[in-house]
Amino acid sequence: MTSNLKIIKDKIEQAALGCGRNKENVTLVAVSKIHTAETIIPVLADGQRIFGENRVQEAAEKWPSLKEKFEGIYLHLIGPLQTNKVRQAVQLFDVIETVDRPKLAKAIARICEEEGKYPDIYIQINTGHEEQKAGMSPENADEFIRLCRDDLKLPVKGVMCIPPFDEDPTDHFKLLKQIADRNHLSIISMGMSGDYEKAIENGATHVRVGTALFGTRPGY
Ligand SMILES: *Cc1c(COP(=O)(O)O)cnc(C)c1O
């Protein structure tokens, strides 16, 4: 392998073993936002197939040609989604991790039906109650999950969070796991380059790793 993929996969395995979990139950979502095909191709060549992008437009420009070269690519949308981009997102992504408000959920439900395509849905939770950050508040999470799953019939599979950058993420990870467990959702997307091992200790099933895998994003 030529990329950092093996290193990250080994660390995921160690973190899982360290807390008595099976590495098969932790999925790496390789966050390729900002990076160009040139940087992404070595990671694809090493076998990674699940990628996260945070902008619909950028993903639409980058991935169709990569999908022609590599089979079995699976894309997660991990950034904020505007209702006017929902159709493109539904067409392009296999998972939408950032469903966080009724208006968006309703637009997704309508367009999924029109397109006959249903990406998996994760509910984004604003565990830190940060005003500037996307995500449903933890207090309203259960009700929102019920709306998405029962009323709108969306395939809600999990929850995700982005903890505040200036805090120990542990309490946020624990809170997200509680919300997942009490709503019988099996997928918990949490943990980034700086804290994915801690996220695994706290029950993450999906970790979203960018910098540790691809290096610093250009322009950052
Ligand atoms: C960019 C991003 C990541 C990856 O962050 P790194 O620190 O580069 O690993 C994970 N999740 C979301 C939602 C992101 O926007």
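The coordinates are above.
Definitions and limits used
Residues numbered from 1 in each chain as written. Predicted model: local features only at pLDDT ≥ 70, side-chain atom pairs only at ≥ 80, totals over all residues. Heavy atoms only, no water. Helix = DSSP H or I, 4+ residues; strand = E, 2+ residues; numbered from the N terminus. Buried < 20%, exposed > 50% of the residue type's maximum accessible area, 1.4 Å probe, protein only. Contact = heavy atoms within 4.5 Å. Areas by Shrake-Rupley, 256 points an atom, 1.4 Å probe, with all protein chains shown as cover. Near = heavy atom within 4 Å. Polar contact = N/O pair within 3.5 Å; in protein donor to acceptor, adjacent residues only side chain to side chain. 1 Å grid on protein atoms, 1.4 Å probe; cavity = no way out; pocket = protein on both sides within 12 Å on 5 of 7 lines; lining within 4 Å. Points joined across faces, edges and corners; volume = space filled by probe spheres on them. Nonpolar A, V, L, I, M, F, W, Y, C, P; charged D, E, K, R; others polar. Expected span 1.5 Å × (residues − 1). Arc of directions from axis to C-beta.

**Q** Where do I start with the overall build of the protein in this structure?
**A** Scanning the protein from N- to C-terminus turns up nine helices and eight strands. When the backbone C-alpha atoms are referred to their principal axes, the protein occupies close to 45 × 40 × 30 Å. Per-residue burial over the protein gives 51% buried out of 220 residues. In the protein, once contacts between residues fewer than 6 apart in sequence are set aside, the share between residues at least 24 apart is 60%. Total accessible area computed for the protein in this model is approximately 10400 Å², and 48% of it derives from carbon and sulfur atoms.

**Q** Got a minute to help me understand the site of the ligand in this structure?
**A** Taken together, Val-31, Lys-33, Ile-78, Ile-162, Met-192, Ser-193, Arg-208, Val-209, Gly-210, Thr-211 and Arg-217 make up the full set of residues near the ligand. Lys-33 is positioned such that a nitrogen or oxygen atom in its side chain is 2.7 Å from an oxygen atom of the ligand. One of the side-chain nitrogen or oxygen atoms of Thr-211 is found 2.5 Å away from an oxygen atom of the ligand. Against a free-state accessible area of 390 Å², the protein chains account for coverage of 89% of the ligand.

**Q** I tried to follow unusual backbone geometry on my own but got confused; where do I start?
**A** Most peptide bonds are trans, and most residues other than glycine sit at a negative phi. The phi dihedral of Lys-153 is positive, around 60°, even though this residue is not glycine. By the element assignment, Lys-153 lies in the loop between α6 (141–151) and β6 (156–161). A relative accessible area of 61% places Lys-153 in the exposed class. A positive phi angle, close to 55°, is found at His-184, a residue other than glycine. Looking at the secondary structure, you find His-184 in the loop between α7 (170–182) and β7 (187–189).

**Q** Explain the environment of Gly-210 here, please?
**A** Relative to the elements of secondary structure, Gly-210 occurs in the loop between β8 (206–209) and α9 (211–214). Spatially, the C-alpha atom of Gly-210 lies 29 Å from that of Ala-109, the residues being 101 residues apart in sequence. Not counting residues up to four positions away in its chain, the partners in contact with Gly-210 are Val-31, Ser-193, Gly-215 and Arg-217.

**Q** Would you mind showing me how to read the layout of surface pockets here?
**A** To find leftover empty space, one rolls a probe the size of a water molecule over the atoms. Here the largest pocket is characterised by a volume of approximately 370 Å³. The wall of the largest pocket is formed by 20 residues, among which Lys-33, Asn-54, Ile-78, Ile-162 and Met-192 lie closest to the centre. Looking at the lining of the largest pocket residue by residue, the class counts come to nine nonpolar, eight polar and three charged. In this structure, the second largest pocket encloses a volume near 200 Å³. Mapped by element, the contributors of at least two residues to the lining of the second largest pocket are α1 (5–18) and β1 (27–31). Looking at which element gives the most residues to the lining of the second largest pocket, the answer is α1, with three residues. For the lining of the second largest pocket, the per-class residue count stands at four nonpolar, two polar and four charged.

**Q** Just to check I follow, could you spell out the side chain of Asp-120 for this structure?
**A** One can find Asp-120 in strand β5 (residues 120–125). At 2.8 Å, the side chain of Asp-120 forms a polar contact with the side chain of Lys-157.

**Q** What am I meant to see in α1 here?
**A** Each turn of an α-helix holds 3.6 residues, which means side chains three or four residues apart point in the same direction. Counted at 1.5 Å a residue, the expected span for α1 with its 14 residues is 20 Å, and the 20 Å between its end C-alpha atoms agrees. For α1, the complete set of buried residues consists of Leu-5, Ile-8, Ile-12, Ala-15 and Ala-16. Here the buried residues of α1 occupy an arc of 100° about the axis, which is enough to place them on one side. Turned more than 90 degrees off the buried face of α1, the exposed positions are Gln-14, Leu-17 and Gly-18. Residues of α1 that are buried in the fold lie against β1, α2 (37–45), α8 (196–201), β8 and α9.

Note that every value here comes from positions in space, so none of it alone points to a role or purpose.
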